[in-house]
Amino acid sequence: MNMVIDEELLFSSGAELMNYAGGDIIFKENDQPKYYFQIKTGTVKINNYYEDGREIIHSVPFEGHCIAESFLFIDKRYPVNAIAMGICEIIRLDKNKFMELIGSLPHLLPKLCSYTTERMYYRHVMMNNLSTPDPGTKEKRVMDCLKSYNRYTDKYSYQFPFTRQNLASLTGLCVETVIRIVKKMEKEKTVRIQNGKIFYLPFLNCPESLDEIIQLYHLYYWNLFNLFFVL
């Protein structure tokens, strides 16, 4: 994916490259927004934790996405956490310098608004999908929504980029329910499980051999890798 804002432009404005390991906190709930964050490499989850320790994942921005940039325009603290899901490189620009940058280059604000609008479109689609009472329908609609967000239209399998725990946190279902649904989908040949990975088969004309799946996986991985709905 292309960067929301060209990284050289960010660096020339005083941005710094921050390195995070999996589990590192980029910002946490109730922090005051002080920086514009844009992911150079890696994946981040935007989440909250309930009092009982359960996690709810709101979105999983990846390479090229910015993180919670809308909070730079209001005087409110973050209502969510941003946590690295693996090794990440994130470009960080001071809030005041970011405001100076978009003020000096008028074309940046419409580009940022276009990105935010698309993100909000898929957020509402996802909310509608999650409102269905049937767990199996909910799981399938989430997979379809993510496939659509990644603009994947070919009639082939692709690796779903979440663990079963991530799926549970994303849909609000318990892990046991997710496991049961995935097993049912496997029997229905909606998904194929290979080495613990979920390959979603939304079309009838799907590859039959492991070699075909591996070939397609390598071909499409970066276009399909991780998701969507950035706060």
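Now for a look at the structure at hand. (Residues numbered from 1 in each chain as written. Predicted model: local features only at pLDDT ≥ 70, side-chain atom pairs only at ≥ 80, totals over all residues. Heavy atoms only, no water.)

Pairing in this open sheet of four strands is antiparallel, and the strands run β1-β8-β3-β6 from one edge to the other. Pairing within the sheet leaves two strands with one partner each, and these edge strands are β1 (16-20) and β6 (66-67). (Pairing = 2+ DSSP bridges. Helix = DSSP H or I, 4+ residues; strand = E, 2+ residues; numbered from the N terminus.)

Counting through the fold element by element, Glu89 comes out in strand β8 (residues 88-94). Relative accessible area serves as the criterion here: at 23%, Glu89 is assigned to the partly exposed category. Glu89 sits 47 residues away from Gly42 along the chain, and the two C-alpha atoms are 6.6 Å apart. If we ignore the near neighbours within four places in the chain, the residues touching Glu89 are Leu17, Met18, Asn19, Gln38, Ile39, Lys40 and Thr41. (Buried < 20%, exposed > 50% of the residue type's maximum accessible area, 1.4 Å probe, protein only. Contact = heavy atoms within 4.5 Å.)

What follows covers the packing of aromatic side chains. Here the structure, examined in full by the defined rule, presents six aromatic pairs. Here the aromatic rings of Phe27 and Tyr78 are separated by 3.7 Å at their centres, their planes lie at 10°, and the arrangement is stacked. Taken together, the positions of Phe27 in strand β2 (residues 25-27) and Tyr78 in the loop between β6 and β7 (81-84) put the pair 51 residues apart, joining distant regions of the chain. Residue classification places Tyr78 among the buried positions, given a relative accessible area of 3%. Grouping aromatic residues by their ring pairs yields a cluster made of Phe27, Tyr35, Phe37, Phe71 and Tyr78. Between the NZ or CZ atom of Arg92 and the centre of the ring of Tyr35, over which it lies, the distance is 4.0 Å. (Phe/Tyr/Trp six-rings, centres within 6.5 Å; stacked < 30°, edge-to-face > 60°. Lys NZ or Arg CZ within 6 Å of the ring centre and 35° of its normal.)

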